Amino acid sequence: MNIRTLRQVLAIGEHGSFARAARALGVSQPNLSKNIARLEDELRGRIFFRTAGGAQLTPFGQLVVDQARRVIEQADILEQAAQLAAGGPSSPLRIGCGPELKRAFAPRLLAALVGDRPQLNIRLEVGDRHRLLPALRARELDVIFCFADDAVASGGQVVAPALTTFGVAVAAPHHPLAKEAAVTPELFLQFANAGPRNAYFTGQARFGAVAVSAQGPRYELSDYEPFMPLVLAGRATIRLPAFEAEPYLAAGSLVQVNLPTVDVRYAGIATPAAATFPIVADALRFAEQVGVELAQTQKLVRRI
């Protein structure tokens, strides 16, 4: 039994025919048939019913397919790990990135990685932290960059600092809160507001135990872009990391609301094994350098 033959079993099951699977795999049908017959002899069970119209899995064959998928998945993970550990570029470095990092942080990080390894293959996935962390633990991603808190640090992953900033509230210049000298949480929450669903922007870290009888709508988001037209039109405020707010403040399209700011941490996160791979270690190192550069661009945003 070998991985190649198991892949052939999956191909026949997917295409429903030895002939079609052979064409998809680029092998001859007689060789494919011999490989499957040899595997059936080894396992002492019939995997496919051969018919004039194709091939159909037997009940035992369905069991073989289910187990083959697991074996191949683990083999792919092992191959990926081996290539990353050797620093080779043939297998892609799989990076996960939080949406708030995709515009300013990720392009700088990718430029640093490609500049250091021009032949490197990269696969980037942008997503909410609640989706990225399970993918990292399942070895579907090699390293992720996202909002970090104590829960992440205690999860058994390697957590390396990437960017420390602060969160601010911004609004269109004509929004009622734009000209308020000091905005209390009670006043802020009376208006429609949007923000990410992490504790540094919502809950105790931001508003304490504020109770507002006439609270405005709250828009919980994993990405800012769909809500920006509402904010630019003055129909809502939005809470952003300082480096995300900077371009809007520089253009004058948004102004900072005088609501107290909160510190926000972003980190590079990897499993203990992946963190030892040279390319992952480099990604974590470059991320910290990019974080320093971004922190220096925050000139118009005020800490309140």
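Scroll up for the structure.
Residues numbered from 1 in each chain as written. Predicted model: local features only at pLDDT ≥ 70, side-chain atom pairs only at ≥ 80, totals over all residues. Heavy atoms only, no water.

*Asks:* Sorry, what's going on with the pairing of strand 9 (residues 237–241) here?
*Replies:* For a regular strand, side chains alternate in direction, first toward one face of the sheet and then toward the other. With respect to burial, strand 9 is a largely interior element, five of its five residues being buried. Pairing of strand 6 (residues 158–171) with strand 9, which is carried by four bridges, proceeds in the antiparallel orientation. By the bridge assignment for strand 9, valine 170 is matched with isoleucine 238. As paired strands, strand 7 (residues 193–196) and strand 9 are joined by two bridges and run parallel to one another. Note on strand 9: the bridge partner recorded for asparagine 193 is threonine 237. (Buried < 20%, exposed > 50% of the residue type's maximum accessible area, 1.4 Å probe, protein only. Helix = DSSP H or I, 4+ residues; strand = E, 2+ residues; numbered from the N terminus. Pairing = 2+ DSSP bridges.)

*Asks:* When you look at unusual backbone geometry in this model, what are you seeing that I'm missing?
*Replies:* Most peptide bonds take the trans configuration, and most residues that are not glycine carry a negative phi. A positive phi angle, close to 60 degrees, is found at arginine 44, a residue other than glycine. Inspection of the secondary structure assignment puts arginine 44 in the loop between helix 3 (29–43) and strand 1 (48–51). Since its relative accessible area comes to 80%, arginine 44 is described here as exposed. Despite not being glycine, arginine 139 shows a phi value in the positive range, around 65 degrees. Mapped onto the fold, arginine 139 is located in the loop between helix 6 (129–137) and strand 5 (143–147).

*Asks:* Any chance you could explain helix 3 here in plain terms?
*Replies:* Note on helix geometry: an α-helix contains 3.6 residues per turn, so any two residues three or four positions apart are oriented the same way. Compared with the 21 Å implied by 1.5 Å per residue over 15 residues, the 21 Å span of helix 3 between its first and last C-alpha is a close match. Among the residues making up helix 3, those that are buried are Leu32, Asn35, Ile36, Leu39 and Glu40. One side of helix 3 carries all its buried residues, which in axial view fall inside an arc of 135 degrees. More than 90 degrees from the buried face of helix 3, the exposed residues found are Pro30, Lys34, Arg38 and Asp41. Residues of helix 3 that are buried sit in contact with helix 1 (3–15), helix 2 (18–25) and strand 1. In the segment just after helix 3, arginine 44 is the residue with positive phi, at about 60 degrees. (Expected span 1.5 Å × (residues − 1). Arc of directions from axis to C-beta. Contact = heavy atoms within 4.5 Å.)

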